[in-house]
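Breakdown of the fold
As a plain string of letters, each chain reads:
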Amino acid sequence: MPELPEVELYCRYFARYALHQRVARVRVLDERILGVRKPVLMRALVGREFTRVRRHGKHLFADTGSSWLHIHFGMSGDLASYRDDVAQPRFARVIFDFEGGGRLAYDDMRLFGVVDVTPDPDTFITEHRLGPDPLDAAFRLDVFRRIVARRRGAVKSLLLSQDIIAGMGNLYVDETLYRASIHPRRAVDKLFAAEVKAIFTGMRNILKEAIAFKSRGGDYPGRYLVQHRQEGDRCPLCDGTIQRTVVFGRTTYFCGTHQR
Ligand SMILES: [Zn+2]
């Protein structure tokens, strides 16, 4: 499932292969992927150029000058740039044909993604009640402290709530709490100031590191929890035991020794 780091890489891919080219044609191969009527999508995009791309959480937005293309990658969304039709991905749902012969396909086997247009990303973010993006420059520790200060309940539930922070998925929340040495069920209103800071910096560092690993085609190092998501596994940080539980309806792994 595409998480925030994957969507960041899709944004870079989109920037590389789709910016500053005129859209000659938009082909919708499966209308179930659209969040808007097909003629509206066509009118918004055909004859225009994408001038910039922006990510918020797991959402991609591309500016056409008058409105923005919006893509959410759902469970299995992907982008593919190609020129020759034999390279068209098997589950291409929408294809952008550019003047000059390049094509960009939005491919999605399971159809949980969405392709549509929106007047502007900020309105979209407000209307969908999305919290700040964790890597946004404006998302600083004091902003996070203010968000946390008003909340109760388990820290894991807070970090998974999209209206609190946009784009943190199950794996990355577990990884963040693992690195911050905080038990996923800890009550948010009982966290010390240093722990809130550890969550904030841990979350941002892990996402940035994941983007860097993935952009090089690599995998997470062995010290990451994601490499030990199995009950009874050894914790590489403290030699404790990895435990499994369910928090907020989500399968959760944590170290029973160093996460308090
Ligand atoms: Zn441990």
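Up top you'll find the structure we're talking about.
Residues numbered from 1 in each chain as written. Predicted model: local features only at pLDDT ≥ 70, side-chain atom pairs only at ≥ 80, totals over all residues. Heavy atoms only, no water.

1. Description of the environment of Pro 184
Under the convention used in this document: Counting from the N terminus, the helices are DSSP H or I runs at least four residues long and the strands are E runs at least two residues long. We call two residues in contact when some of their heavy atoms are within 4.5 Å.
Counting through the fold element by element, Pro 184 comes out in the loop between α6 (170–180) and α7 (193–215). Sequence separation between Pro 184 and Gly 256 is 72 residues, and the spatial gap between their C-alpha atoms is 11 Å. The contacts of Pro 184, once residues within four sequence positions are left out, are Ala 154, Val 155, Lys 156, Leu 177, Val 247, Thr 252, Phe 254 and Gln 259.

2. A few points about the pairing of strand β10 (residues 250–255)
For clarity, the threshold we go by: When DSSP finds two or more bridges between a pair of strands, those strands are recorded as paired.
With six bridges joining them, strand β9 (residues 242–247) and β10 adopt antiparallel strand pairing. Following the sheet pairing, Ile 242 is matched in β10 by Cys 255. Hairpin connection of β9 to β10: two residues between the antiparallel strands, including Phe 248 at a positive phi of 60°.

3. Looking at the coordination of the zinc ion
Let me state the cut-off plainly: In this listing, donors mean N, O and S atoms no farther than 2.8 Å from the metal, or 3.2 Å for Na, K and Ca; water is missing from the atoms, so a site can look incomplete. For four-coordinate sites, all angles between 85 and 135 degrees define a tetrahedron; for four- and six-coordinate sites, opposite donors beyond 155 degrees with the remaining angles between 65 and 115 define square planar and octahedral shapes respectively, and all other cases count as irregular. The rule is simple: take the accessible area with a 1.4 Å probe, protein chains only, and divide by the maximum for that residue type; under 20% is buried, over 50% is exposed, in between is partly exposed.
Donor atoms from the polypeptide that coordinate the zinc ion comprise Cys 235 (SG), Cys 238 (SG), Cys 255 (SG) and His 258 (ND1), at 2.0 to 2.3 Å from the metal. Given four donor atoms and angles of 102 to 118° at the metal, the environment of the zinc ion is assigned as tetrahedral. Mapped onto the sequence, the donors of the zinc ion take the spacing C-x2-C-x16-C-x2-H. Each member of the pair, Cys 255 as well as His 258, carries the same accessibility label: buried.

4. Describing the sheet that holds strand β2 (residues 52–56)
Operational definition: Axes here refer to lines fitted to C-alpha atoms; in helices the fit is confined to the stretch in contact. Angles between the N-to-C directions go from 0 to 180 degrees.
Overall, antiparallel pairing links the four strands, which are arranged β2-β3-β4-β8 in an open sheet. Looking at the sheet topology across the chains shown, the edges are occupied by β2 and β8 (114–118). Between one strand and the next, the sheet's axes are offset by a mean angle of 25°, whatever the strand orientation. Of the strand pairs in this sheet, strand β4 (residues 68–72) and β8 are connected by five bridges, and their pairing is antiparallel. When the bridges of β8 are listed, His 72 appears paired with Val 114. Against the sheet, helix α1 (residues 4–18) contacts β2, β3 (59–63) and β4, and its axis sits at roughly 175° relative to β2.

5. A word on the environment of Phe 144
By the element assignment, Phe 144 lies in helix α4 (residues 141–149). Put simply, Phe 144 and Ile 164 are 20 residues apart on the chain and 9.0 Å apart in space, counted from C-alpha to C-alpha. Look past the residues within four positions of Phe 144 in its chain and what remains in contact with it is Phe 139, Leu 159, Ile 165, Val 196, Ile 199, Phe 200 and Met 203.

6. Considerations on the packing of α1 against α7
The criterion, for reference: An angle below 35 degrees is read as roughly parallel, one above 145 as roughly antiparallel, one from 65 to 115 as roughly perpendicular, and any other as oblique. Note on convention: the crossing is left-handed when the near helix lies turned anticlockwise from the far helix by less than a right angle, right-handed when the turn is clockwise. Polar here means any residue other than Ala, Val, Leu, Ile, Met, Phe, Trp, Tyr, Cys and Pro, which are nonpolar, and Asp, Glu, Lys and Arg, which are charged; Gly is therefore polar.
Taken N-terminus to C-terminus, the directions of α1 and α7 make an angle of 55°; their axes are 9 Å apart at the nearest point. As the angle between them shows, α1 and α7 are arranged oblique. In the crossing of α1 with α7, the sense of the turn from one axis to the other is right-handed. Facing Leu 4, Pro 5, Glu 6, Glu 8, Leu 9 and Arg 12 of α1, the residues of α7 in contact are Leu 207, Ala 210, Ile 211, Lys 214 and Ser 215. Grouping the amino acids of the contact of α1 with α7 by side-chain chemistry returns six nonpolar, one polar and four charged.

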